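Topology and contacts: notes
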Amino acid sequence: MKTDAYFDNAVMNAAEMLRHFGTLEFQISSKDGKIFTTLQDDTFAAGDGDIAEAANFGLAVLKSIENVYGKPLSMHMTQRDISLKTMTGVMSLQVQELSHE
């Protein structure tokens, strides 16, 4: 995944937030054929695609945070507003350290 300094900084801040609070949320979305993610109150364009491709991008964001955090993480969807007709919408995702319970 190609990133820039702003996104890399948001990922580092997200990992710090995760260390401090134990959880964090970010959003992925697709509108008008474009993918976006909102991480640490900043929205980043992530290229072309529908909501399914945005979900795959969400996994890439998780891996980026995990690489900085240094431990395995898990992610689950907390909210969604998706149109299956247009394959657009938004999903909120919660990230936390992977538990082996």
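Residues numbered from 1 in each chain as written. Predicted model: local features only at pLDDT ≥ 70, side-chain atom pairs only at ≥ 80, totals over all residues. Heavy atoms only, no water.

A look at helix α1 (residues 5-21)
Look at α1: 24 Å from first C-alpha to last across 17 residues, which is about the 24 Å you get at 1.5 Å a residue. Listed as buried for α1 are Phe-7, Ala-10, Val-11, Ala-14, Ala-15 and Leu-18. One face of α1 carries all of its buried residues, which in axial projection span an arc of 140°. In α1, the exposed residues that point more than 90 degrees away from the buried face are Ala-5, Tyr-6 and His-20. Of the surrounding secondary structure, the elements contacted by the buried residues of α1 are β1 (23-31), β2 (34-39), β3 (42-48), α2 (51-69), β4 (73-83) and β5 (88-97). Between the side-chain oxygen of the N-cap and the backbone nitrogen of Tyr-6 there are 3.2 Å, and the N-cap of α1 in question is Asp-4. Downstream of α1 by one or two residues, Gly-22 has phi in the positive range, about 85°. (Helix = DSSP H or I, 4+ residues; strand = E, 2+ residues; numbered from the N terminus. Expected span 1.5 Å × (residues − 1). Buried < 20%, exposed > 50% of the residue type's maximum accessible area, 1.4 Å probe, protein only. Arc of directions from axis to C-beta. Contact = heavy atoms within 4.5 Å. Polar contact = N/O pair within 3.5 Å; in protein donor to acceptor, adjacent residues only side chain to side chain.)

Let's talk about the environment of Phe-21
Mapped onto the elements of the fold, Phe-21 is located in helix α1. Phe-21 gets classed as exposed once you look at its relative accessible area, which sits at 57%. Between the C-alpha atoms of Phe-21 and Gln-96, which are 75 residues apart in sequence, the distance is 9.4 Å.

Let's talk about the pattern of salt bridges
Tallied over the entire structure, the rule returns four salt bridges. Between Lys-71 and Glu-97 there is a salt bridge, with its nearest N and O atoms 4.0 Å apart. Remark: Glu-97 occurs in strand β5 and Lys-71 occurs in the loop between α2 and β4; sequence separation between them is 26 residues. Using a relative accessible area of 44% as the deciding quantity, one classes Lys-71 as partly exposed. (Salt bridge = Lys/Arg side-chain N within 4 Å of Asp/Glu carboxyl O.)

A word on the environment of Lys-31
Note on placement: Lys-31 falls in strand β1. Using a relative accessible area of 55% as the deciding quantity, one classes Lys-31 as exposed. Separated by 18 residues in the primary sequence, Lys-31 and Gly-49 place their C-alpha atoms 8.6 Å from one another. Sequence-distant contacts of Lys-31, that is, excluding residues within four places in its chain, are made with Phe-36 and Thr-88.

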